[in-house]
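Geometric and topological summary
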Amino acid sequence: MKKWHAVQDYLVIVFCAFLLALSYHIFVFPNEFAPSGLPGIATIIQHVFHFKVGYMTILINVPLVLLTYVIVDHRYAVLSATFAVVFSVVLLALDYVNLAPFEYHTTTGTSTILAPIAGGVISGFCYGMVMRRDSSTGGTDLLAALVHHVRPEMHIIWIVFAINAIVAALSYFVYDFKIEPVILCLIYCFLSSHVGDTMIKGFKEAVKFEIVTDKPEELSAELLKHMKHGVTEIPAVGGFTHSNKTLLICVVNRHQIVAFQRIIQQFPGSFAYLSSVKETMGNFAHIKR
């Protein structure tokens, strides 16, 4: 099973690297804007000096991968190197493939934002999938990991933000002193970050109820009967009355909120509040009775 999981990690990384490289050829290169991170800087260099992003990506990632391997973590570095190599090779190989029928060229008006929207969503998807495999897309992520290892107090988000800000600022000067490429770069960065964050946190959103009650047995029985989810009981003491209470914790699916509220209304002496749960792990299956 451990070997199979390792194979799955590499398959996901290779697929995401191929998909991201393809999105560059379809949405990024045909339009005048730079994507996020160090690949954005490589795209600007390609636009100005005609030095291909595939070669530039390799040059950027080789020293970063070696430093990450020595300083940070071996496995993380190897997986990140796999993504970077596949991404660069596919980028260069697609130069010899006729993708003209699939390339999206923006024109004017609202259509100009469609390319960074599509590219940003794909980038965020690939980023999130790779991060969930304890890897990275190379470039900015490796640089951030190295800086964070040396300076743990420095938040990685500020490193990524600084690099993206540099890319956005350079876009104004590189693409004929126009503000549009800056805006398109920011749209790409925002969507890539937002979608990637969603992918990392997962889609298994739920709701956690915490209930303070003096009737834990009756309330627990109702919750188990109608909600089909387990309940955790914690002894508690009321701060005002100093009487013995019980804190019930129950995590349910979002569509069960209304049913949960109906049950709570049957126990007017109880106090409950809810909070969002971004990800559920372990045994969250419905209880079969």
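Structure shown above.
Anyway, here's the lowdown on the structure attached to this text.

1. Quick word on the packing of helix α2 (residues 37–49) against helix α7 (residues 156–174)
It is at 8 Å that the axes of α2 and α7 come closest, and there the two elements cross at 20 degrees. In terms of orientation, α2 lies roughly parallel with respect to α7. The element α2 and its partner α7 pack so that their crossing is left-handed. Here α2 contributes G37, L38, G40, I41, I44, H47 and V48 to the contact with α7, which in turn contributes I163, N164, V167, L170, S171 and V174. When its residues are assigned to classes, the contact of α2 with α7 shows eight nonpolar, five polar and no charged.

2. What about the pattern of salt bridges?
Evaluated as defined, the whole model comprises five salt bridges. The closest approach of N and O atoms between R133 and D9, which form a salt bridge, is 3.0 Å. Residue R133 is found in the loop between α5 (114–131) and α6 (140–150), and its partner D9 is found in helix α1 (residues 2–28); the two are separated by 124 residues along the sequence. By relative accessible area, D9 is classed as buried at 9%. The closest approach of N and O atoms between K52 and D95, which form a salt bridge, is 3.4 Å. Taken together, the residues span a long stretch of sequence, with K52 in the loop between α2 and α3 (53–71) and D95 in the loop between α4 (74–93) and α5 at a distance of 43 residues. Several salt bridges share partner residues, and in doing so they unite D9, R75, R133 and D134 into one network.

3. What to know about the sheet that holds strand β2 (residues 232–237)
Taken in spatial order, the four strands make up an open sheet running β2-β3-β1-β4, and their pairing is antiparallel. The open sheet is flanked by β2 and β4 (271–277), the only strands paired with a single partner. Across the sheet, the mean angle from the axis of one strand to that of its neighbour is 20 degrees, orientation sign disregarded. This element, helix α9 (residues 216–227), spans β1 (206–213), β2 and β3 (244–252) of the sheet and lies at about 10 degrees to β3.

4. A few points about the environment of I71
With respect to the helices, strands and loops of the structure, I71 is situated in helix α3. For I71, a relative accessible area of 36% gives the class partly exposed. Measuring from C-alpha to C-alpha, the distance between I71 and L146 comes to 7.5 Å, with 75 residues separating the pair along the chain. Among residues more than four places away in sequence, those in contact with I71 are L146 and H149.

5. Things to note about the packing of aromatic side chains
Throughout the structure, instances matching the rule amount to ten aromatic pairs. A ring pair is formed by Y172 and F173, whose centres lie 5.3 Å apart and whose planes are at 85 degrees; its orientation type is edge-to-face. Given a relative accessible area of 31%, Y172 falls into the partly exposed group. Aromatic pair Y172 and F177: ring centres 5.9 Å apart, planes at 85 degrees, arrangement edge-to-face. Linked through ring pairs, Y24, F29, F83 and F87 together constitute an aromatic cluster.

6. What about the packing of α5 against helix α8 (residues 180–201)?
For the pair α5 and α8, the least separation of the axes is 7 Å and the interaxial angle reads 35 degrees. You can see that α5 and α8 cross each other, and the crossing is right-handed. Where α5 abuts α8, its residues P116, I117, G119, G120, V121, S123, G124, F125, Y127, G128, M129 and M131 lie against L184, I187, Y188, L191, S192, V195, G196, M199 and I200. Looking at the contact of α5 with α8, its residues break down into 14 nonpolar, seven polar and no charged.

7. Considering the side chain of S123
Along the chain, the position of S123 falls in helix α5. When residues no more than four places from it in sequence are discounted, the contact partners of S123 are L20, Y188 and S192.

8. So, a nonpolar patch on the surface
The grouping of Y10, L67, Y69, V70, I71, V72 and V78 at the surface amounts to a nonpolar patch, some 570 Å² of accessible area in total. Among the elements that line the nonpolar patch, the one with the most residues is α3, at four residues. Among the secondary structure elements, Y10 is positioned in helix α1. Assessed through its relative accessible area of 34%, Y10 is described here as partly exposed.

9. A short note on the environment of K3
Here K3 is to be found in helix α1. Overall, K3 belongs to the exposed group, its relative accessible area being 72%. C-alpha of K3 to C-alpha of I58: the two residues are 55 residues apart in sequence and 28 Å apart in space.

10. Things to note about the nonpolar core
Core analysis: the largest hydrophobic core is formed by 40 residues, its most contacted members being L20, Y24, F83 and F87. Of all elements in the fold, only α1, α2, α3, α4, α5, α6, α7 and α8 reach the threshold of two or more residues within this core. Looking at this core element by element, the count peaks at ten residues for α1. Leaving out residues up to four positions away in the same chain, F87 has contacts with A17, L20, A21, Y24 and T57. Counting 13 residues, the second-largest nonpolar core is a separate cluster that includes M227, L248, C250 and V252.

The rules behind each value
Residues numbered from 1 in each chain as written. Predicted model: local features only at pLDDT ≥ 70, side-chain atom pairs only at ≥ 80, totals over all residues. Heavy atoms only, no water. Axes fitted to C-alpha atoms, helices over the stretch in contact; angles between N-to-C directions. Helix = DSSP H or I, 4+ residues; strand = E, 2+ residues; numbered from the N terminus. Parallel < 35°, antiparallel > 145°, perpendicular 65-115°, else oblique. Left-handed = near helix turned anticlockwise from the far one by under 90°. Contact = heavy atoms within 4.5 Å. Nonpolar A, V, L, I, M, F, W, Y, C, P; charged D, E, K, R; others polar. Salt bridge = Lys/Arg side-chain N within 4 Å of Asp/Glu carboxyl O. Buried < 20%, exposed > 50% of the residue type's maximum accessible area, 1.4 Å probe, protein only. Pairing = 2+ DSSP bridges. Phe/Tyr/Trp six-rings, centres within 6.5 Å; stacked < 30°, edge-to-face > 60°. Patch = residues over 30% accessible without salt bridge, like charges linked within 9 Å, V, L, I, M, F, W, Y side chains within 5 Å. Areas by Shrake-Rupley, 256 points an atom, 1.4 Å probe, with all protein chains shown as cover. Core = buried A, V, L, I, M, F, W, Y, C linked by side-chain atoms within 4.5 Å.

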